[in-house]
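The residues making up each chain are set out below.
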Amino acid sequence: MGAADMTYIDAHTHLDHCRADPAALVAAARAAGVETIIQSGTDAVSSHRAVELAERFPEVWATVGFHPHDAKELDPAGQAAIEALVAHPRVLAVGEVGLDYHYDHSPRARQREVFAWHVGLAARAGLPLVVHTREADDHTLDLLAERAAGLTVVLHCFSMPERLENVVARGYYLSFAGNVTFPKAAALQAAARAVPAERLLLETDAPYLTPMPHRGRPNTPALVAHTYAWVAGLRGVTVGALAAQVRENAVRAYSRLRLE
Ligand SMILES: [Zn+2]
């Protein structure tokens, strides 16, 4: 595969959190070879928006759910909204959902209830789960062990390198964001080197976690190529081989994903 026909997937992004217009972001991404963008919802409004973007742009696919920051907002109307959206053919997964004990924007007990509800929804819908976890690794992994047996699980913005062996043994997918390129990210880089090829995904989480050498500026899906180049270097493979592998992994993880 030559550079000309190289295509990248940005496996997790937030176009609705970016300042630029989504059409401009998608066009810039396509110009940079990014032909697939998985747009993650974070509440009912954002999840509706994710589906609208997926309907509007052939590059964009959606995930729907309430982020742990927004867990306190999930009411019966929000549950009904998310339940209705999972049937949409361009919705790939329930997410991003999980636990965030760093910011504690929602009470922890409520975060766990809301996460558990989403795990149940993913099971009923037969969809994968896209998980956010920060400073809550034990509770996240325990809850998944108890309730997510048989589900495809993607750990987005993978951030627990000390649990690598456990999560690989469970068959989870590990999605690395731009912070894997940061100079002090030695443990994360070791994990990105060690993860089995068939479990690896790469993402921007734009507008956050901008990869080197653009760190300090807002992230965009077009910049995911820098993360591919970095991780390819870590793993000693060509960028083309890595891009093909991640594409294959995304298609395996997300049964509704159809690529050209
Ligand atoms: Zn995210």
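Note: the structure precedes this text.
The sections below set out a description of the structure shown in this document. (Residues numbered from 1 in each chain as written. Predicted model: local features only at pLDDT ≥ 70, side-chain atom pairs only at ≥ 80, totals over all residues. Heavy atoms only, no water.)

A few words now on the nonpolar core. Ranked by internal contacts, the top residues of the largest apolar core, which has 88 residues, are Leu129, Phe158 and Phe176. At seven residues, the largest contribution of residues to this core is made by helix H4 (residues 108–125). Not counting the four nearest positions on each side in its chain, leucine 129 is found in contact with Val94, Val97, Phe115, His118, Val119, Ala122, Leu144, Leu151, Thr152, Val153 and Val154. (Core = buried A, V, L, I, M, F, W, Y, C linked by side-chain atoms within 4.5 Å. Buried < 20%, exposed > 50% of the residue type's maximum accessible area, 1.4 Å probe, protein only. Helix = DSSP H or I, 4+ residues; strand = E, 2+ residues; numbered from the N terminus. Contact = heavy atoms within 4.5 Å.)

It is worth spelling out the state of the cysteines at this point. The tally for this structure, following the rule as stated, stands at zero disulfides. Between cysteine 18, a cysteine without a disulfide, and cysteine 157, which holds the nearest cysteine sulfur, the sulfur-to-sulfur distance is 15 Å. Given the relative accessible area of 11%, cysteine 18 is considered buried. (Disulfide = S-S within 2.5 Å.)

Looking at the metal site, the zinc ion is ligated by His12 (NE2), His14 (NE2), Glu96 (OE) and Asp205 (OD), spaced 2.0 to 2.3 Å from it. One can describe the site at the zinc ion as irregular: its four donor atoms subtend angles covering 87 to 175° at the metal. Considered as a linear motif, the donors of the zinc ion on their single chain read H-x1-H-x81-E-x108-D. With a gap of 109 residues between them, glutamate 96 in strand E4 (residues 91–100) and aspartate 205 in the loop between strand E8 (200–202) and helix H8 (224–235) connect regions that are remote in the sequence. Neither residue differs from the other here; glutamate 96 and aspartate 205 are each classed as buried. (Donors = N, O, S within 2.8 Å, 3.2 Å for Na, K, Ca; no water. Tetrahedral: all angles 85-135°; square planar, octahedral: opposite > 155°, others 65-115°.)

Right, let's get into the pairing of E4. Of all ten residues in E4, ten are buried; the element is thus mostly enclosed. Inspection of the sheet shows E4 paired to strand E5 (residues 129–134) by five bridges, in the parallel sense. Pairing of valine 97 across the sheet is with valine 131, part of E5. After leaving E4, the chain enters H4 and then returns to the sheet as E5, a path that is right-handed. (Pairing = 2+ DSSP bridges. Right-handed = clockwise from strand over helix to strand, strands pointing away.)

Whenever strands of a sheet pair, they do so through backbone hydrogen bonds, lying parallel or antiparallel. Read across the sheet, eight strands follow the order E1-E2-E3-E4-E5-E6-E7-E8 without closing on themselves; strand pairing throughout is parallel. Of all the strands in the sheet, just strand E1 (8–13) and E8 have a single pairing partner and so form its edges. Put simply, the sheet's adjacent strands are angled 25° from each other on average, direction ignored. Judged from the two bridges that link them, strand E6 (residues 153–155) and strand E7 (residues 173–176) form a sheet pairing that is parallel. Residue pairing for E7: valine 154 is matched across the bridge by tyrosine 173. Running at roughly 160° to E4, H4 makes contact with E4 and E5 of the sheet. (Axes fitted to C-alpha atoms, helices over the stretch in contact; angles between N-to-C directions.)

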